[in-house]
Amino acid sequence: MIGAGTRNGQLFITDMDLIEKSNLNRQFLFRPKDVQKPKAQTAAAAIRMMNPEAKVTAYELRVGSETERVFSEEFFGKLDGVTNALDNVDARIYMDRKCVFNRIPLVESGTLGTMGNVQVIVPFLTESYSSSQDPPEKSIPICTLKNFPNAIEHTLQWARDCFEGVFSQTAENAALYITDPNFIERTLKLTGIQPLEILESVKKALIDNKPKDFADCIEWARLYWEEQYANQIKQLLYNFPPDQVTSSGQPFWSGPKRCPEPLLFDVTNSLHLDFVYAASNLMAQVYGIPQMRDREYIACKLQGVQVPEFQPRSGVKIETNEAAAAAEANNHDGSEVDQDRVNKILNELQALGKLNFSITPLQFEKDDDTNLHMDFIVAASNLRAANYKIPPADRHKSKLIAGKIIPAIATTTSLVSGWVVLEVIKLIMGHKDLSKFKNGFANLALPFITFSEPKRAESNTYYDKNWTLWDRFEVPGEMTLQEFLDYFEKKEKLKITMLSQGISMLYSFFMPKAKCAERLPLPMSEVVRRVSKKRIEPHERSLVFEICCNDEEGEDVEVPYVRYTLP
């Protein structure tokens, strides 16, 4: 509407998602007829309808390392600026780094319910998005989740963890065991008790719990129900009876600690059947067994499932405070592994021989009402809520909490979109005065709106040269590692003590002499290939190196990164 993308201009938009019905209340380019159509293509068509002169190219791709063949250095070189409307921090950081590297402006924005913000990032002028970070989200204490929930949020997070543990992580470990010949070798190199935990999950998936047919899936779901909502609660009450008192004489089950009750399975209880129905069908999907969406059939089959009687065990340790639970979690990597147990599991797995079936890990998807993911979450959460006498949550509320959704509001979206356009216009006009730009924050619920001048990029110095995050060394290739080191020593009077590319250490002053002698005569690109064990893709026009240096006095100095241009 402001003429962007017309005449000599062009717009590029990308979004890998399809339009959901829930998008319609806040995304003004879409209509009910567009539900389940690609967002990017539909938005491009709507833009052309508003302004037929606009030239718009739409992609249905995620912007990330996996799509750098498309969104390459050459692609970013064509852009005059970027506007973000992303929903996660990792994607924002990735785009921020790309804009800094390619020295193009970025207008970053986001909304969260009634709150919205806009940040303007201008090359050689402002700090970047990554220059500052929000504090991490508060997490639910481990012991609260495992044994002492007191709110529906706790039971929903517990249900999500169950889903991930059973249908995602355990299934993924088993799938890797089947398909990846190096999986065992890699697993055994892990620290602490991780190898044992992973191998036990593989054994559970391939031996203990592997279903032959859907009837086995029903039996597994019924026994899993018993373990979660009866046996574990009985064990907890065996350790801490309802009349337990603390060392100070106070009731143990008081304050936020709710005394639970084990549940008794009842096939006529719709919530109990909901759980088995969802769990058995999800288990079938993991193992490629045809699903059975017939509740009466499942209820009938449940009558024949034999459930072993549970006897609480002595010596079971249950942490009662967060400090102890956190300490136990932190010792995860430091604990000694039971090598005899590891060898026993390896022998059992090897006895299976070559496996000719596949396992498909499930990725939680809250917006598909047919995949039974939310059905499992709602049932699992509300059953645990029943254990602890916590008021249950309906499907809608559960979906909002489990999916960590804060409903989007059209008013907030409109406000933030308007702010973004105003800052984009300033960038198009070529303003270079920092005071012309404004970062904005609003909370319409208060109501509160404030603007601030973007923070100037922090300046660093080596010798008499000032530099910011927007500066770098430009080094033309190709040259050998020795020539690269000499280049900096002669031209910049800097002695490189460490040189890295990504997570690969290419050179260091403490490197063994033999390894150093082997690498010094090699071209830089070959050193990268050998050390990283990755090929340099044809679309890559340059490499980024991080260097640590000493000045002529032998003192450490902080310097910019290196852009090494490939021939």
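Model, not experiment: these values are computed from the prediction.

The rules behind these values
Residues numbered from 1 in each chain as written. Predicted model: local features only at pLDDT ≥ 70, side-chain atom pairs only at ≥ 80, totals over all residues. Heavy atoms only, no water. Helix = DSSP H or I, 4+ residues; strand = E, 2+ residues; numbered from the N terminus. Buried < 20%, exposed > 50% of the residue type's maximum accessible area, 1.4 Å probe, protein only. Contact = heavy atoms within 4.5 Å. Areas by Shrake-Rupley, 256 points an atom, 1.4 Å probe, with all protein chains shown as cover. Lys, Arg positive; Asp, Glu negative; His and termini not counted. Charge placed at Lys NZ, Arg CZ, Asp CG, Glu CD. Pairing = 2+ DSSP bridges. Axes fitted to C-alpha atoms, helices over the stretch in contact; angles between N-to-C directions. UniProt positions renumbered as here; feature names shortened; annotations may be inferred. Domains from an automatic or database assignment. Buried area = accessible area lost by both parts, 1.4 Å probe. Salt bridge = Lys/Arg side-chain N within 4 Å of Asp/Glu carboxyl O. Polar contact = N/O pair within 3.5 Å; in protein donor to acceptor, adjacent residues only side chain to side chain. Nonpolar A, V, L, I, M, F, W, Y, C, P; charged D, E, K, R; others polar. Core = buried A, V, L, I, M, F, W, Y, C linked by side-chain atoms within 4.5 Å. pLDDT = per-residue confidence, 0-100. Parallel < 35°, antiparallel > 145°, perpendicular 65-115°, else oblique. Left-handed = near helix turned anticlockwise from the far one by under 90°. Phe/Tyr/Trp six-rings, centres within 6.5 Å; stacked < 30°, edge-to-face > 60°. Lys NZ or Arg CZ within 6 Å of the ring centre and 35° of its normal.

### Concerning the overall build of the protein
No. 1: Secondary structure assignment for the protein yields 18 helices and 15 strands.
No. 2: For the C-alpha atoms alone, the extent of the protein along its principal axes is close to 80 × 65 × 60 Å.
No. 3: The buried share among the 567 residues of the protein stands at 42%.
No. 4: At a minimum sequence separation of 6, the contacts of the protein that also span at least 24 residues come to 67%.
No. 5: When the accessible surface of the protein is totalled, it reaches about 31500 Å², and 52% of it is carbon and sulfur.
No. 6: When the 66 basic and 76 acidic side-chain charges of the protein are each reduced to a single mean position, those positions are 3 Å apart.

### Structural notes on the sheet that holds strand E7 (residues 448–452)
The strands making up a sheet are joined through hydrogen bonds of the backbone, oriented either antiparallel or parallel.
No. 1: Taken in spatial order, the five strands of this open sheet run E3-E4-E5-E6-E7, and their pairing is mixed. Every other strand in the sheet has two partners, leaving strand E3 (82–83) and E7 as the edge strands with one partner each.
No. 2: When E3 meets strand E4 (residues 106–112), the two strands line up parallel, connected through two bridges. Bridging from a neighbouring strand, Thr83 pairs with Val107 of E4.
No. 3: Each of E3, E4 and strand E5 (115–121) is contacted by helix H3 (residues 89–102), which is oriented at about 165° to E4, the strand it contacts most.

### As for the UniProt feature "active site" (unreviewed entry) in the protein
No. 1: UniProt annotation of "active site" (unreviewed entry) refers to Cys143 when read in the numbering used here.
No. 2: Summarising the element assignment, Cys143 is placed in helix H4 (residues 142–146).

### A short note on the domain arrangement of the protein
When the parts of a complex come together, some accessible area is lost, and that lost area is often used as the size of the interface.
No. 1: As far as domains go, the protein holds domain 1 (11–137 + 407–452), domain 2 (150–307 + 318–389) and domain 3 (472–565).
No. 2: A C-alpha centroid distance of 35 Å is found between domain 1 and domain 3.
No. 3: Counting residues at the interface gives seven residues for domain 1 and ten residues for domain 3.
No. 4: Roughly 780 Å² of surface becomes buried between domain 1 and domain 3 when both sides are summed, with 43% attributable to carbon and sulfur atoms.
No. 5: When the area that domain 1 buries against domain 3 is broken down by residue, the three leading residues are Arg69, Glu73 and Phe101, summing to 61%.
No. 6: Here domain 1 is connected to domain 3 by three salt bridges.
No. 7: Linking domain 1 with domain 3 are four residue pairs in polar contact (both at pLDDT 80 or more), by the criterion used here.
No. 8: A class-by-class count of the residues in the side of domain 1 that touches domain 3 yields one nonpolar, one polar and five charged.

### So, the nonpolar core
No. 1: One finds Phe167, Phe275, Phe376 and Ile377 to be the most contacted residues of the largest nonpolar core, which totals 76 residues.
No. 2: By size, the runner-up hydrophobic cluster in this structure holds 32 residues, among which are Phe484, Leu499, Met511 and Phe545.

### Brief notes about the environment of Gln235
No. 1: Relative to the helices and strands, Gln235 is located in helix H8 (residues 214–239).
No. 2: Through-space distance from the C-alpha of Gln235 to that of Ser314 is 9.1 Å; in sequence the pair is 79 residues apart.
No. 3: Residues within four places of Gln235 in sequence aside, it is in contact with Phe310, Pro312, Arg313, Val316 and Ile318.
No. 4: Here Asn239 takes part through its side chain, which lies 3.0 Å from a polar atom of the side chain of Gln235.

### Some thoughts on the confidence of the model for the protein
No. 1: In this model, the protein carries an average pLDDT of 91, and 95% of its residues clear a pLDDT of 70 or more.
No. 2: Contacts from residues 330–334, a stretch scored under 50 in pLDDT, to residues over four places away or in other chains number seven contacts.

### Observations regarding the UniProt feature "domain: Ubiquitin-activating enzyme E1 C-terminal" (unreviewed entry) in the protein
No. 1: UniProt records the feature "domain: Ubiquitin-activating enzyme E1 C-terminal" (unreviewed entry) for residues 437–562 in the present numbering.
No. 2: Annotated as 22% helix and 35% strand, the span residues 437–562 places its first and last C-alpha atoms 30 Å apart.

### Considering the packing of helix H5 (residues 152–179) against helix H13 (residues 373–387)
No. 1: Where H5 contacts H13, the axes come no closer than 8 Å and their chain directions differ by 130°. As the angle between them shows, H5 and H13 are arranged oblique. Crossing angle aside, the handedness with which H5 passes H13 is right-handed. Contacts from Ile152, Thr155, Leu156, Trp158, Ala159, Arg160, Cys162, Phe163 and Phe167 of H5 reach H13 at His373, Phe376, Ile377, Ala380, Ser381, Asn382, Arg384 and Ala385.

### Quick notes on the packing of aromatic side chains
No. 1: If you walk through the whole model with that rule in mind, you get 34 aromatic pairs.
No. 2: The aromatic ring of Phe252 is capped on one face by Lys257, whose charged end is 5.5 Å from the ring centroid.
No. 3: The positively charged end of Arg472 is found above the aromatic ring belonging to Phe101, 5.0 Å away from the centroid.

### Section: the pattern of salt bridges
No. 1: Summed over all chains, the structure comprises 30 salt bridges.
No. 2: As a salt-bridge pair, Asp34 and Lys37 come within 3.7 Å of each other at their nearest N and O atoms.
No. 3: The exposure class of Asp34 is buried, given its relative accessible area of 5%.
No. 4: Taking the shortest distance from any N to any O, the salt bridge between Glu474 and Arg472 comes out at 2.6 Å.
No. 5: Relative accessible area serves as the criterion here: at 16%, Arg472 is assigned to the buried category.

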